Every structure is written in C-alpha cells, then in structure tokens.
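Letter by letter, the chains look like this.
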Amino acid sequence: MAVTENAAFAADEERWSTLMVSAQAGHEGDYRCLLGELSEVVLHYLASRIGPQHYLDDCVQETLIAVHQARHTYDSSRRFRPWLFAIVRHKAVDALRKNQTVQNTAERQRSFEEVETGNEQIENGVMSGRLINSLPLDYREAITLTKIVGLSTAEAATHLGISQSALKVRVHRAISKLRQMMEADTL
C-alpha cells in the first residue's frame, strides 16, 4: 500500500507542477483544475490536523487566494508541495489567530459555568484534530479556550487559574508547536 501512496503522491506532485506552469502561461482551464484539486487537498489536510472547525472553509479560501497571489513565485525546478504547504501552514496559523476576533459576541459573553459544563463537548468535538490532540495538556487548554472557544485572555487565564502572561506564553508556544508539527508533517 505504501508503494501505491508514494505513486499517488508523485503523480499529484507532477500534475500540480504541470498545471501551475500551464496556469502561469495563462491557461485558465488548467488553473481552474489546479485550484479545484488543491481546495480538496487543503481542506482534508486542515481538517485532519485542526479538527472540524467552522472556519476551515474560510481558511481554504484564504489559502487559494494566497496561492493565486503568489503563483508567479512558483519555480517549476522545485517541488510543488513544499511551496504549497508553506502557504497552507501560514494561513492555518493566521486562521487560528484570527478566530478569536471573529467569534460571535454572544459566544464571548458565555459565563465560566457554561464553559466548564461544555468541557466534555470541547474535548469530544473541537479537540478531534490529530495535531491539537498531540499538544501537551497545558498548551491544548490554552489554545482551545482562547482560539477555539473564543474567551478573552483574562477569561481564559481566570478559568485555568494562571496569570494572563502565563496564558499568553502557553498560547504562543502552542501555536509554535503546531507550526512545527505542520511543517514536519508536510516535508
């Protein structure tokens, strides 16, 4: 089965590279085909690593826009996947950071009691992403409360019983660790 996966991997690499070169030359149909394939791959990649989040489709769209804006930087003498997944990783990190600012006002007003009773739901649904699950508990709690649940730094720090500074450090380290894991996962 590994041989089949490697063959599919190599075939995708070659096809995407060819389609991008064709798109750079102005072939609109090839470009549409490339973006269609990439949207599915990026969505699957993000969903398997971050989990089922409401902002994944937006992240895919942001990634495709970034690919469009950077398409002139692709060098056909280099591999396509590292170029693509560098963009994906940056957009995923941006989405994690941005998620807190786009949270619904009603969600942000939830009381700590609701957060505590929702911990099981958080662990069962939100935390189903493989990479988030692999974070140490302290980092996982910090990033879940701030970036996924949408609590403010003060609210999350109070909920965890730590200082705001300690919470910020945990969130920063969690994002850094996620970035490292995503980079290692695509090379």
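Being a predicted model, the structure only gives us computed values, none of them experimental. The residue numbering used here restarts from 1 in each chain and proceeds along that chain's sequence as written. At least 70 in pLDDT is required for a residue's local features to be given in this predicted model, at least 80 for side-chain atom pairs to be given and counted, and no such filter applies to totals for whole chains, interfaces and linings, which use all residues. The basis for every side-chain value is the complete set of heavy atoms in the structure, and neither hydrogens nor water enter the calculation.

S.K.: Lay out the packing of helix α9 (residues 137-149) against helix α10 (residues 153-160) in plain terms, naming residues and giving numbers.
M.R.: Axis definition: a line fitted to C-alpha atoms, limited for helices to the stretch in contact. Angles are taken between N-to-C directions and run from 0 to 180 degrees. In DSSP terms, a helix is any run of H or I states spanning at least four residues, a strand is any run of E spanning at least two, and both are numbered starting from the N terminus. It is the contact of α9 with α10, at a shortest axis distance of 9 Å, that shows an interaxial angle of 140°. Here α9 lies oblique to α10, going by the angle between them. In terms of crossing hand, the pair formed by α9 and α10 is right-handed. For the pair formed by α9 and α10, the contact residues are E141, A142, L145 and T146 on the first element and A156, H159 and L160 on the second. Of the residues belonging to the contact of α9 with α10, the class tally is four nonpolar, two polar and one charged. An angle below 35 degrees is read as roughly parallel, one above 145 as roughly antiparallel, one from 65 to 115 as roughly perpendicular, and any other as oblique. If you view the pair so one helix is near and one far, a crossing is left-handed when the near helix is turned anticlockwise from the far one by less than a right angle, and right-handed when it is turned clockwise. Contacts: residue pairs with any heavy atoms within 4.5 Å of one another. Classes in brief: Ala, Val, Leu, Ile, Met, Phe, Trp, Tyr, Cys and Pro nonpolar; Asp, Glu, Lys and Arg charged; the others, Gly included, polar.

S.K.: Requested: an account of the nonpolar core, with residues and values cited.
M.R.: Side-chain atoms within 4.5 Å are what join buried Ala, Val, Leu, Ile, Met, Phe, Trp, Tyr and Cys residues into a set we call a nonpolar core. Partly exposed residues are those whose accessible area sits between 20% and 50% of the maximum for their type, while under 20% is buried and over 50% is exposed, using a 1.4 Å probe and protein chains only. Membership of the largest hydrophobic core comes to 49 residues, with the highest contact counts inside it found for L34, L38, L46, F80, W83, L84 and L178. For this core, the elements supplying multiple residues, two or more each, are α1 (2-24), α2 (28-50), α3 (56-70), α4 (80-99), α8 (130-133), α9, α10 and α11 (164-186). The biggest single contributor to this core is α4, with 10 residues. Sequence-distant contacts of W83, that is, excluding residues within four places in its chain, are made with M20, V67, A70, R71, T73 and Y74.

S.K.: Would you mind going over the packing of α2 against α3 in detail, with residue names and values included?
M.R.: Relative orientation of the contacting elements α2 and α3 amounts to 140°, with a least axis distance of 9 Å. Between α2 and α3, the angle is such that the two are oblique. Here α2 and α3 pass one another in a crossing that is right-handed. In this structure, α2 contributes Y31, L35, L38, S39, V42, L43, L46 and A47 to the contact, and α3 contributes L56, D57, C59, V60, T63, L64, V67 and H68.

S.K.: Quick one: what's the story with the environment of T63, residue by residue and with numbers?
M.R.: One can find T63 in helix α3. The class of T63 is buried, set by a relative accessible area of 0%. Separated by 25 residues in the primary sequence, T63 and V88 have C-alpha atoms spaced 5.8 Å apart. In contact with T63, other than residues within four places in its own chain, are V42, I87, V88 and K91.

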